[in-house]
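# Breakdown of the fold
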There are 2 protein chains.
Amino acid sequence: MNEHVYCVIMAGGAGTRFWPKSRRSKPKQFLDIFGTGKSFLRLTYERFARTVPASNFIVVTNANYRDHVLEHLPEIQPSQVLCEPVGRNTAPCICYAAYSLLQRDPEARMIVTPSDHIILKEETFREITEQLLEFVSDHEVLMTVGITPTRPETGYGYIQKSDNNEISRVKCFTEKPNIELARTFVQCGEFFWNSGIFIWKVKDIVAAIEKHLPEHHSLFSSIIGDYGTEREENAIKHIFSVCRAVSIDYGVMEKADNVFVRCGDFGWSDVGTWGSLYQLSRKDEYANVKPASGCFTYGTRNCIVSLPKDKIAVISGLKDYIIADTDDVLMICPREEEQDIRKYIDEVKFNLGDKYI
Amino acid sequence: MNEHVYCVIMAGGAGTRFWPKSRRSKPKQFLDIFGTGKSFLRLTYERFARTVPASNFIVVTNANYRDHVLEHLPEIQPSQVLCEPVGRNTAPCICYAAYSLLQRDPEARMIVTPSDHIILKEETFREITEQLLEFVSDHEVLMTVGITPTRPETGYGYIQKSDNNEISRVKCFTEKPNIELARTFVQCGEFFWNSGIFIWKVKDIVAAIEKHLPEHHSLFSSIIGDYGTEREENAIKHIFSVCRAVSIDYGVMEKADNVFVRCGDFGWSDVGTWGSLYQLSRKDEYANVKPASGCFTYGTRNCIVSLPKDKIAVISGLKDYIIADTDDVLMICPREEEQDIRKYIDEVKFNLGDKYI
């Protein structure tokens, strides 16, 4: 393991697509949704732990989740958790990590990764990661990791490559295409899902931020002497209160001309919905995804059942349903209506406030 | 209120038709299933509290439920709770109450009532009760209370009256008829549901037991000096270990020739099933029975939803379902399959033991 290699885990998300299992107070990255005993965050850490020394992990998260992070990753020190006072999308998150890292180790190479995805072919992925860490040490490039698409997904960003090299210059980024465009992308063969995993030298990303997000550069470089000191918290509080929310894709990657992509198939999924969890999970003989014990089904097919620990369920006569039960919220809805979860949350919030969100 | 009037509440039942809400450890009589703040047992007590002095209530229950009883009925003393070491159907239960009462007050008149039924027209019912208490003081009769049937129910016992008097001699008892017979009974007009509520002088029921259940008479009269002493518990333990399980209906009422019935319509229901609870409960505009707040339904009709306190639910796309959620068991099943609950319980018990029963 190289002492100049760092892994920045972005763990500030507060998504609610797994509601009621995911909550504001405990979003998806902290859930053990497959019942493996490991949260998404924990799996993410372990994915890079053979490549990156424990002391070189940096977790950027919301201040509210700091204790969760330290609980899930006992190997890291409190100083390795960078707390955002408020979420401002991925560019400020990456700026915070990159500029503080620049101060600590100007030779740093950094991996940036979401904290709530899964990768099934861990070994393949690790080889690619190490290949790309090598590649960026010799090239002034911003590397992205692309996923061979398996369906015309309209919820993802797509990366178009410009040639057939294994590591290829990016021609174009396209955020969330409509279904027709997504179908064309999948058929064409030049387009890949944007995994949100990036690899670069810290000085290369800082240079790109300086060029494409000059306001952010000026804010985050203005406190360069404060990172790692007792002044950091207040300085960051101020910066996040004034800096523009923008994604790293839109703010930097779509504009920079030194972006490359390495595509691969390593069993990636963002497990973004109950439906994708259903697809990824092992099914019983009636195509139900349910806890290994304590869930008794009768005339029930193609359902996904999630229960609190030690709770049991008897379910009869349901087909194609999500049954998501937690200590204080029970949700039963047809799988094909999972996009309505947003609506449910809004109505619960409108009537009962934040308690159940 | 007359000091010789007693009310014996039979509260030993451990039925599981309201599973998972009713449990071995907390059967239906202790549940507040309508969310009124009062359990069935409490409602039963209050029903007779204007007729019977608090000190004249006797609750017969299983030893395991003793504390529940005292918690639900703070007005009564521990000595008013008679504990059965094991359930032996209603005859031994009534023997226990009757023989100990005979020792205490040979002039006692007693009301016997189940603890898990509801009566909506409480005032009408109270007038009938007091009329019958008067009647039995002048007559050596065993009074039953009959309910005008509203449907050909096959789960109840029926009482046939022999004339058109308000208080009529009983011609015949029929336990759980088949559906054809039940239909005939309802059309005929001479048949009434057996409410399980009885009124008699204690010496009259003891005389009937002596005649029709001589073994029981010999057992319960053999310990007549022990009731109310420290010897009672052991004596009762012995008697219940040897006495035959039999219902008062089969053992006495069907055989005695001095059984009378007073029929009436006073909004009685045994609330024996989720279906009957559904029928009795107030429905929302989509015919759902659900908690007044915290249950959000979409495209959901004719369902009954029961949730733990402070729990919320979002339910979409269900029609004619029972959704019964408790802290440790969730049951979802079509209303028309509620008779399968017995099967669910058996399977849960077979796989997981008694924990969830």
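Refer to the structure printed above.
A few points on the structure. (Residues numbered from 1 in each chain as written. Chains lettered and ligands numbered in written order. Predicted model: local features only at pLDDT ≥ 70, side-chain atom pairs only at ≥ 80, totals over all residues. Heavy atoms only, no water.)

## Overview of the overall build of chain A
What counts is decided by this rule: Strands here mean DSSP runs of E at least two residues long; helices mean DSSP runs of H or I at least four residues long; both are numbered from the N terminus. Within these notes, the globule rule equals 2.2 Å times the number of residues to the 0.38 power, and the radius of gyration is based on C-alpha atoms. We call a residue buried when its accessible area falls under 20% of the maximum for its residue type, exposed when it is over 50%, and partly exposed in between, using a 1.4 Å probe and counting protein chains only.
Secondary structure assignment for chain A yields 11 helices and 16 strands. The C-alpha atoms of chain A give 21 Å as radius of gyration, which agrees with the globular expectation for 357 residues (21 Å, within 12%). Counting only C-alpha atoms and orienting by the principal axes, one finds that chain A spans roughly 60 × 50 × 40 Å. For chain A, the residues scored as buried account for 57% of the 357 residues in total.

## Some words on the sheet that holds strand β14 (residues 312-316) of chain A
Here is the rule: One requirement defines pairing of two strands: DSSP has to find at least two bridges between them. All axes are obtained by fitting lines to C-alpha atoms, using only the stretch in contact for helices, and the reported angles, taken between N-to-C directions, cover 0 to 180 degrees.
A sheet is described by the order of its strands in space; here 5 strands give the open sequence β12(A)-β14(A)-β16(B)-β15(B)-β13(B), paired in mixed fashion. The open sheet is flanked by β12 (295-298) of chain A together with β13 (304-306) of chain B, the only strands paired with a single partner. For this sheet the average axis-to-axis angle between neighbouring strands, irrespective of direction, equals 5°. As paired strands, β13 of chain B and strand β15 (residues 321-325) of chain B are joined by 3 bridges and run parallel to one another.

## Brief notes about the relation of the copies chain B and chain A
Note the cut-off: Only residues with pLDDT of at least 70 in both copies contribute their C-alpha atoms to the least-squares superposition of the copies. When checking whether two residues touch, look at their non-hydrogen atoms; a contact exists if any pair is within 4.5 Å.
Superposing chain B onto chain A takes a rotation of 180° plus a shift of 0.0 Å along the axis, which leaves an RMSD of 0.0 Å. Look at the turn and shift together and you get a two-fold axis relating the two. Every residue of chain B has its C-alpha some distance from the rotation axis, and the shortest such distance is that of D327 of chain B, at 3.7 Å. Mapped onto chain A, 100% of the interface residues of chain B are again interface residues, and the two copies thus contact each other with one and the same surface.

## Re the pairing of strand β4 (residues 109-114) of chain A
Residue and element names in this part refer to chain A. Within β4, 6 of the 6 residues are buried, which leaves it mostly tucked inside the rest of the structure. Burial along β4 is two-sided: R109, I111 and T113 and M110, V112 and P114, pointing in opposite directions, are all buried. Summarising the sheet, strand β1 (residues 5-10) and β4 pair through 6 bridges and their orientation is parallel. Counterpart to V5 in the pairing with β4 is R109. Note that β4 and strand β9 (residues 191-201) share 4 bridges and pair antiparallel. Note that in β9 the partner of R109 across the bridge is K201.

## Looking at unusual backbone geometry
Cis peptide bonds are those with omega within 30 degrees of zero, and the linkage from W19 of chain A to P20 of chain A qualifies with 5°. Along the chain, P20 of chain A turns up in the loop between β1 and α1 (40-48). One non-glycine residue, N89 of chain B, lies in positive phi territory at about 70°. Residue position: N89 of chain B is located in the loop between β3 (81-84) and α3 (90-104). The residue D320 of chain B is not glycine, and still its phi comes out positive at about 60°. The residue D320 of chain B is located in the loop between β14 (312-316) and β15 in this model. The partly exposed category is assigned to D320 of chain B, whose relative accessible area is 35%.

## Details of the sheet that holds strand β13 (residues 304-306) of chain A
Pairing in this open sheet of 5 strands is mixed, and the strands run β13(A)-β15(A)-β16(A)-β14(B)-β12(B) from one edge to the other. Two strands close off the open sheet at either side, each with one partner strand: β13 of chain A together with β12 (295-298) of chain B. Across this sheet, the average inter-strand angle for adjacent strands is 5°, counted without regard to direction. The strands touched by helix α11 (residues 341-352) of chain A within the sheet are β16 (329-334) of chain A together with β12 and β14 of chain B, with β12 of chain B carrying the most contacts at an inclination of about 145°.

## A closer look at the side chain of T113 of chain A
Residues and elements named next belong to chain A. When you line up the elements, T113 lands in strand β4. Relative accessible area serves as the criterion here: at 1%, T113 is assigned to the buried category. The contact partners of T113, leaving out residues within four places of it in the chain, are C7, V8, I9, M10, T44, F48, G196 and I197.

## A few points about the interface of chain B and chain A
Going by this rule: Summed over both partners, buried area is the accessible surface (1.4 Å probe) that two parts give up on being assembled. The working definition used for a salt bridge is a side-chain nitrogen of Lys or Arg within 4 Å of a carboxyl oxygen of Asp or Glu.
Taken together, the 34 residues of chain B in the interface contact 34 residues of chain A. For the chain B and chain A pair, buried surface summed over both sides reaches about 2,700 Å², with 64% attributable to carbon and sulfur atoms. On the chain B side of the interface with chain A, the three residues burying the most area are I312, V314 and L330 of chain B, jointly 23% of the side's total. In this structure, the salt-bridge partner of K311 of chain B is D325 of chain A, at a minimum N-O distance of 2.5 Å.

## A closer look at the packing of aromatic side chains
Let me state the cut-off plainly: Note on aromatic pairs: the rings of Phe, Tyr and Trp (six-membered ring only in Trp) are paired at centre separations within 6.5 Å, and the planes decide the class, stacked below 30 degrees, edge-to-face beyond 60, tilted for the rest.
Under the definition given, this model contains 36 aromatic pairs over all chains. Considering the side-chain rings of F220 of chain B and F240 of chain B, the 6.0 Å spacing of their centres and the 90° angle between planes classify their relative orientation as edge-to-face. Taken together, the positions of F220 of chain B in helix α7 (residues 214-222) and F240 of chain B in helix α8 (residues 232-242) put the pair 20 residues apart, joining distant regions of the chain. Aromatic ring contacts, followed pair by pair, group Y96, Y99, F220, Y227 and F240 of chain A into a single cluster.

## Quick word on the pairing of strand β2 (residues 57-62) of chain A
Residue and element names in this part refer to chain A. In plain terms, the rule: Here a crossover is taken to be right-handed if, once the strands point away from the viewer, the path from the first strand over the helix to the second is traced clockwise.
The element β2 is extensively covered by neighbouring structure, given that 6 of its 6 residues are classed as buried. Strand direction decides the pairing type here: β1 and β2, joined by 4 bridges, are parallel. Within β2, the position partnered with V8 by the bridge is I58. In this region the chain leaves β1, passes through α1 and returns to the parallel neighbour β2; the handedness of that crossover is right-handed. Across 4 bridges, β2 lies against strand β3 (residues 81-84) in parallel orientation. The residue of β3 that forms the bridge with T61 is C83. For the segment spanning β2, helix α2 (residues 66-72) and β3, crossover handedness is right-handed.

## Section: the pattern of salt bridges
Residue and element names in this part refer to chain A. Here the structure, examined in full by the defined rule, presents 50 salt bridges over all chains. Taking the shortest distance from any N to any O, the salt bridge between D116 and K28 comes out at 3.5 Å. Of this pair, D116 sits in the loop between β4 and β5 (118-119) while K28 sits in the loop between β1 and α1; the two residues are 88 residues apart in sequence, bridging distant segments of the chain. A salt bridge links D204 to K201; its shortest N-O distance comes to 3.0 Å. Residue D204 is classed as buried on the basis of its relative accessible area of 9%.

## Some words on helix α7 (residues 214-222) of chain A
Among the residues of α7 of chain A, those classed as buried are H216, H217, L219 and F220 of chain A. Taken together, the buried residues of α7 of chain A touch α3 (90-104), α6 (202-212) and α8 (232-242) of chain A.

## Looking at the environment of S25 of chain B
Residues and elements named next belong to chain B. Position of S25 among the secondary structure elements: in the loop between β1 (5-10) and α1 (40-48). Put simply, S25 and A14 are 11 residues apart on the chain and 8.2 Å apart in space, counted from C-alpha to C-alpha. Setting aside anything within four residues of it in sequence, one finds S25 in contact with Y65 and H68.

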